[in-house]
Amino acid sequence: MHLMYFTEQPMSAYSEKSGKEFGATALMFSNSNYDPVEGSRLYNQYLEEYIWAEECGVDGIMLNEHHNAPFCMQSQTNVFASILAAVTKHVKIVILGNPLPLSENPVQLAETLGMIDMISKGRLVSGFVRGGGQEQLANGVNPAFNRERFIEAHDLITKTWTQPGPFRWEGTHYQNRVVNPWVVPMQKPYPRVWIPGVLSKETIIWTAKQRYPYICLNTSIEATKAIWETYDAAAEEVGYTPGPENRGYLIRVHCQMDEEKALENGRQFMWMQGEFTGLAHPVWSSPSGYFSPTQRRNFVQFATGRAINPRGEPTYRDQLDSMLIIAGTPKQCIEKLRFIMRETRPGIMALWGNDGFVSPTDSKECIRLLGQEVMPALRETAKELGLNSPFEANAPVHLNYSTDLRQPARAAE
Amino acid sequence: MTSSVAWTDSSATIAGVRLNYSRAGSGRPIVVLHHDIGTVDRLPFYDALAGGNDTIVVNLPGYGKSERPEWMRHPRDIAAMVQWLLHDLNVKNASVVGLGFGGWIAAEMASQGPSDFAKLVLVGPMGILPPQGYILDQALVNYIEYARAGFHTDAAFASVYGDVSIDQLEIFDVCREMSFRIAWKPYMYSQTLPHLLGGVRAPALVVVGEHDQVVPHSAADVYVTALRSARKEVVAGSGHCVDMEKPAELAGLVTKFING
């Protein structure tokens, strides 16, 4: 079991009132509501927390990236990954992930990740994402080519990492007449690639066909099981039977020695109304061409206010009851997390510990309890259940490096 | 919407893609190119044109009923496909009426074939960066809000789209996706088109709705200046979609200009 600490890095020092009045805390919510002095304080607080998490024994630190919104301060995940590469010693630096379609130059991204891998002495896990709909708009990137750019950028980056240069790339969205960066990762054939996601069936299938682990982002237990069914079927098609090493799960967990305090702080997970993207705007979060055509009829109704959010709007109590959020003492957290582990059998887990306005003192105590009490217990459970991480299972980095396929490896689609 | 005109719906394969078009009437040929929100099948404006002219309403590739060319990357590609269609239909010396986004296509066609067309009518044309203001960014508003922005009054919008069915919302989304595919950046204009308009020989009429909230009037002014022979008309009480909001007025302007 690989156990990570995660926080969205909330930019909590902004005017909630302004956000509610505007009606959205994304994309067009003015950055005049952003205070860089407070931003500086929070960046440094989160950096301290990551270092503390390593001291408390976590296996990895999970990072992500969003734009134009207070719910996540990281607009460049590679910046924090670079810092952690230098200031930490043991933890895996797990980027989940770089939004590939936003890159106009995947070769340069390949270089950046190669540098992070070398500076960290081979501790990089290089996750990739499509990026949310509003991330495309925030960066002026065409949402209609999001998936095409994601796949092509992935193919270019992995080729850059594995094939000696110089070579030429004449793709649909990227053309590089000379690909020959001297900076390449030290991990061979290349750093592990994990793919996080929530909704997209196409992404799940693509991930399974690459043999990359898929990380379910706080999906319900039922939805998680459905995702594994889709993943497993796609994996079987290309000749392997996936196991826990292919499965990851992110869950919001706030832990304190005092249950009441844990529940009070856990409510901060709702500071963005329980949504990943705050007060989302349905048009900005789902621009035309971004989502699957199979979902067109549902999304056009959602975008025009004729249908409710497909994710629903569960209350804090609902989410505690369904274990989308866990808040409690170490013992209580362990019990619930063990239940999730038994039900969903992941080899990778990310514990999203703090959000919103949780105080620095309480954040650090939560991290201590997660790292020193909860995670050790989960590791024991993982051993009992045979939930091995990709590292423990020595899983191939990609389908093409498999030695156990039931049929010759095909070029992954 | 219903029509008293006998329209014939046909399709042709152009560049490997099925292109749909409707045709009615007789007389000097007019090709109509629709907005970026697509078009309903029948409109009073189309009927009015067909009353005295051979009128061809093209469903632009990727919009409405026509197939999407996955390879397409620029409105200029549509212009070339429509030229191809006209050649296959043996339609010569046609006049082109471009509505909004279709105005951009019409201008591209004329710039590619400076002597190919009899007259050019551009109605609230996109395709040029307005010196003042911006073309409304549909990525930031929902489908109904964007379509509604093309009209000055709710009543005019409702007369065409009613309560906006879910099927219509899907059509709007298909059209929006196609617009993103070919006109995302720069958004809804060409940086090179203004330099090419000077070659166009066809006399041009540039029409704007008085209350156009989608394309600033300043874009039309650039067209009038850049084209060799062009003048501007403002239709009072109309928004961007003059063809749907003031069909009789626009049809009058167009037929007088083309047939006069």
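These remarks concern the structure in this document. In this text, all values refer to a predicted model and were calculated from it rather than measured experimentally.

Attention now goes to the pattern of salt bridges. The tally for this structure, following the rule as stated, stands at 29 salt bridges over all chains. For D154 of chain B, the salt bridge identified is with R148 of chain B, shortest N-O distance 2.4 Å. Classification of R148 of chain B by relative accessible area gives partly exposed; the value is 21%. Among the salt bridges present, the one from K232 of chain B reaches D221 of chain B, with a minimum N-O distance of 2.7 Å. You can see K232 of chain B sitting in strand β8 (residues 230-235) and its partner D221 of chain B sitting in helix α8 (residues 217-226), a full 11 residues away along the chain. A cluster of three or more residues bridged by salt bridges with shared partners is formed by R296 of chain A together with R68, E70, D173, E177 and R181 of chain B.

Once that is clear, we can look at the sheet that holds strand β3 (residues 29-33) of chain B. The strands that make up a sheet pair up through hydrogen bonds in the backbone, lying either parallel or antiparallel. Residues and elements named next belong to chain B. Taken in spatial order, the eight strands of this open sheet run β1-β2-β4-β3-β5-β6-β7-β8, and their pairing is mixed. Two strands bound the open sheet, and with one partner strand each, they are β1 (8-14) and β8. On average, each strand axis in the sheet is inclined to that of its neighbour by 20°, with strand direction left out of account. As paired strands, β3 and strand β4 (residues 54-58) are joined by five bridges and run parallel to one another. Counterpart to V32 in the pairing with β4 is V57.

For the rest of this paragraph, the subject is the pairing of strand β6 (residues 120-123) of chain B. Alternating positions in β6 of chain B separate into two faces, L120 and L122 of chain B on one and V121 and V123 of chain B on the other, with burial throughout. The β-α-β motif built from strand β5 (residues 95-99) of chain B, the intervening helix α3 (residues 101-112) of chain B and the parallel element β6 of chain B has right-handed crossover chirality.

Let us look at a negative patch on the surface. Taken together, D258, E259, E260 and E264 of chain A make up a surface patch of like negative charges. Its location among the elements puts E264 of chain A in helix α9 (residues 259-266).

To continue, consider the nonpolar core. Within soluble globular proteins, side chains that are nonpolar tend to cluster in buried spots. With 106 residues, the main nonpolar core has L33, F101 and Y161 of chain B as its most contacted residues. If sequence neighbours within four positions are ignored, F101 of chain B has contacts with H34, H35, D36, L60, Y63, P75, I78, M126, I182 and M188 of chain B. In terms of nonpolar packing, the next biggest core, distinct from the first, is built from 77 residues, V58, V91, V179 and Y212 of chain A among them.

Residues and elements named next belong to chain A. Judged by how many residues are buried, strand β4 (residues 124-129) sits mostly within the fold: six of six residues are covered. Burial along β4 is two-sided: the residues L124, S126 and F128 and V125, G127 and V129 are all buried. Bridge count between strand β3 (residues 92-99) and β4: five bridges; the pairing is parallel. In the sheet register, P99 faces β4, and the bridge partner there is V129. Viewed along the sheet, the connection from β3 through helix α4 (residues 106-119) into β4 turns out right-handed.

Rules behind the numbers
Residues numbered from 1 in each chain as written. Chains lettered and ligands numbered in written order. Predicted model: local features only at pLDDT ≥ 70, side-chain atom pairs only at ≥ 80, totals over all residues. Heavy atoms only, no water. Salt bridge = Lys/Arg side-chain N within 4 Å of Asp/Glu carboxyl O. Buried < 20%, exposed > 50% of the residue type's maximum accessible area, 1.4 Å probe, protein only. Helix = DSSP H or I, 4+ residues; strand = E, 2+ residues; numbered from the N terminus. Pairing = 2+ DSSP bridges. Axes fitted to C-alpha atoms, helices over the stretch in contact; angles between N-to-C directions. Right-handed = clockwise from strand over helix to strand, strands pointing away. Patch = residues over 30% accessible without salt bridge, like charges linked within 9 Å, V, L, I, M, F, W, Y side chains within 5 Å. Areas by Shrake-Rupley, 256 points an atom, 1.4 Å probe, with all protein chains shown as cover. Lys, Arg positive; Asp, Glu negative; His and termini not counted. Charge placed at Lys NZ, Arg CZ, Asp CG, Glu CD. Core = buried A, V, L, I, M, F, W, Y, C linked by side-chain atoms within 4.5 Å. Contact = heavy atoms within 4.5 Å.

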